[in-house]
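This is what each chain is made of:
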Amino acid sequence: MSLIRTSLITFLLMIFVKLAFSQSDLSNSQRIAIDNFVVMENLLKNSKIAIIAADKEEKPIESLNGTFQFNINGFQQELKFNDGVAIAPQPIDKSTFLYLRHENESGTHGKLYYIYKKDNNLRPFKINWLILVLVPLGIIILTMMFRRFIIIGGIILILIFIFNSQNGLKLSTFFDTVMDGLKSLI
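Note that this is a predicted model, so its numbers are computed, not measured.

I'm lost on the overall build of the protein chain in this one. Help?
On a plain count of helices and strands, the protein chain comes out with four helices and eight strands. Going from N to C terminus, the protein chain has its helices and strands arranged as α-β-β-β-β-β-β-β-β-α-α-α. The buried share of the protein chain, reckoned over its 186 residues, is 30%. The contacts in the protein chain between residues at least 6 apart in sequence include a share of 48% that link residues at least 24 apart. Entry remark: accessible area of the protein chain is about 13,000 Å², with carbon and sulfur atoms responsible for 65%.

This is the structure in structure tokens:
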């Protein structure tokens with residue numbers, strides 16, 4: 001009788017321990033979130049970019065593993081992170097703008113990069129939303145102050161717009177970047 005009682009207690013204890021550990025694993029996996037990320041060239045130099053999960057100081061979070069939804073230039077992508085790094089599936093064939101957006105419980109996190117491609121190397125440059133607003137605004141203010149330069153200012157604004165459009169920066173991406181920047185101020 002005591003053998004049955006001991007076996008039953010041991011069995012129930014094992015089940016309790018297993019349930020306790022599986023629930024803590026589940027709660028830990030639900031708490032994983034990407035609140036910041038950095039874009040770099042893939043180490044394999046295969047014209048693909050690496051998206052690295054980072055903290056607020058942009059230090060990599062190497063413990064992050066799992067699949068996360070990202071919006072890359074308007075296309076929904078599932079990126080699989082291993083040790084905090086995910087590789088975007090599409091190769092980049094020419095210099096382009098790259099708008100990445102990730103949404104989770106803590107909010108929407110979006111960043112705009114200009115990916116400069118020379119030979120087989122990619123160099124990502126992060127573009128701050130203030131630059132997107134201040135450069136055209138500065139040109140407009142200068143043309144208003146000096147009426148003689150209205151035509152030159154208009155031509156410069158048109159050239160900026162054409163450059164941005166040809167390299168993948170759509171007007172909607174421009175406004176999304178500005179809105180993400182304004183939300184981060186609040």
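Still to come is the rest of the account.
Sorry, what's going on with helix H3 (residues 150-166) here?
For an α-helix, 3.6 residues make a turn, and residues three or four places apart therefore share a direction. Look at H3: 24 Å from first C-alpha to last across 17 residues, which is about the 24 Å you get at 1.5 Å a residue. Once H3 ends, the next one or two residues include Gly-168, with phi positive near 95 degrees.

I would appreciate a short explanation of the packing of aromatic side chains in the present structure.
Any aromatic ring pair is given by two values, namely how distant the centres are and how the planes are angled relative to each other. Evaluated as defined, the whole model comprises eight aromatic pairs. Consider the rings of Phe-70 and Phe-81, whose centres lie 5.9 Å apart with planes at 35 degrees: the pair is tilted. Residue Phe-70 is located in strand S3 (residues 66-72), and its partner Phe-81 is located in strand S4 (residues 75-81); the two are separated by 11 residues in the primary sequence. Judged on exposure class, the residue Phe-70 and its partner Phe-81 are both buried.

Looking at this structure, how should I read the side chain of Thr-177?
Take Thr-177: it is sitting in helix H4 (residues 171-185). Excluding its chain neighbours within four sequence positions, the residues that come into contact with Thr-177 are Tyr-99, Leu-112, Trp-129 and Leu-132.

In this structure, what is going on with a nonpolar patch on the surface? I would like to understand it.
Taken together, the side chains of Leu-130, Leu-134, Leu-137, Ile-141, Leu-142, Met-145, Phe-146, Phe-149, Ile-152 and Ile-156 present a nonpolar region at the surface, about 930 Å² in accessible area. For the nonpolar patch, the elements supplying multiple residues, two or more each, are helix H2 (129-145) and H3. Top contributing element to the nonpolar patch by residue count: H2, with six residues. Residue position: Leu-137 is located in helix H2. With a relative accessible area of 41%, Leu-137 lands in the partly exposed category.

How do you make sense of the packing of H2 against H3 when you look at a structure like this?
For any two helices packed against each other, the geometry is given by the interaxial angle and the distance between the axes. Between H2 and H3, the shortest axis-to-axis distance is 9 Å and the interhelical angle comes to 165 degrees. One finds that H2 runs roughly antiparallel with respect to H3. The two elements H2 and H3 meet at a crossing, and its hand is left-handed. Residue-level inspection shows Val-135, Pro-136, Ile-139, Ile-140 and Thr-143 of H2 in contact with H3, the latter providing Ile-150, Gly-153, Ile-156, Leu-157 and Ile-160. Counted by class, the contact of H2 with H3 contains eight nonpolar, two polar and no charged residues.

For this particular structure, what's the right way to read H4?
In this model H4 runs 22 Å from its N-terminal to its C-terminal C-alpha over 15 residues, within 8% of the 21 Å that 1.5 Å per residue would give. Residues of H4 that are buried include every one of Thr-173, Phe-174, Thr-177, Val-178, Asp-180 and Gly-181, and no others. Along the axis of H4, the buried positions cluster into a sector of 160 degrees, meaning they face one direction only. In the core, the buried residues of H4 are packed alongside strand S6 (96-104), strand S7 (107-118) and H2.

In this structure, what is going on with the nonpolar core? I would like to understand it.
The tendency in soluble globular proteins is for nonpolar side chains to be buried side by side. Membership of the largest hydrophobic core comes to 20 residues, with the highest contact counts inside it found for Ile-34, Ile-49, Ile-51, Phe-70, Phe-81, Leu-98 and Ile-115. Those elements that place two or more of their residues in this core are strand S1 (37-41), strand S2 (49-53), S3, S4, S6 and S7. Discounting chain neighbours no more than four positions away, the residues touching Leu-98 are Val-39, Ile-49, Ile-72, Asn-73, Lys-111, Leu-112, Tyr-113 and Ile-115. Counting residues in each nonpolar core, the second largest holds 10 residues, with Ile-127, Leu-132, Leu-169 and Val-178 among its members.

Is there a simple way to think about the pattern of salt bridges in this case?
Opposite charge on two side chains permits pairing when their charged atoms draw close. Under the counting rule described, the total for this entry stands at five salt bridges. For Lys-45, the salt bridge goes to Glu-41, with nearest N and O atoms at 3.3 Å. Between Glu-58 and Lys-126 there is a salt bridge whose closest N-O contact spans 3.9 Å. Taken together, the residues Glu-58 in the loop between S2 and S3 and Lys-126 in strand S8 (residues 121-127) connect sequence positions 68 residues apart. The exposure class assigned to Glu-58 is partly exposed, which follows from its relative accessible area of 39%.

Cut-offs used in this document
Residues numbered from 1 in each chain as written. Predicted model: local features only at pLDDT ≥ 70, side-chain atom pairs only at ≥ 80, totals over all residues. Heavy atoms only, no water. Helix = DSSP H or I, 4+ residues; strand = E, 2+ residues; numbered from the N terminus. Buried < 20%, exposed > 50% of the residue type's maximum accessible area, 1.4 Å probe, protein only. Contact = heavy atoms within 4.5 Å. Areas by Shrake-Rupley, 256 points an atom, 1.4 Å probe, with all protein chains shown as cover. Expected span 1.5 Å × (residues − 1). Phe/Tyr/Trp six-rings, centres within 6.5 Å; stacked < 30°, edge-to-face > 60°. Patch = residues over 30% accessible without salt bridge, like charges linked within 9 Å, V, L, I, M, F, W, Y side chains within 5 Å. Salt bridge = Lys/Arg side-chain N within 4 Å of Asp/Glu carboxyl O. Axes fitted to C-alpha atoms, helices over the stretch in contact; angles between N-to-C directions. Parallel < 35°, antiparallel > 145°, perpendicular 65-115°, else oblique. Left-handed = near helix turned anticlockwise from the far one by under 90°. Nonpolar A, V, L, I, M, F, W, Y, C, P; charged D, E, K, R; others polar. Arc of directions from axis to C-beta. Core = buried A, V, L, I, M, F, W, Y, C linked by side-chain atoms within 4.5 Å.

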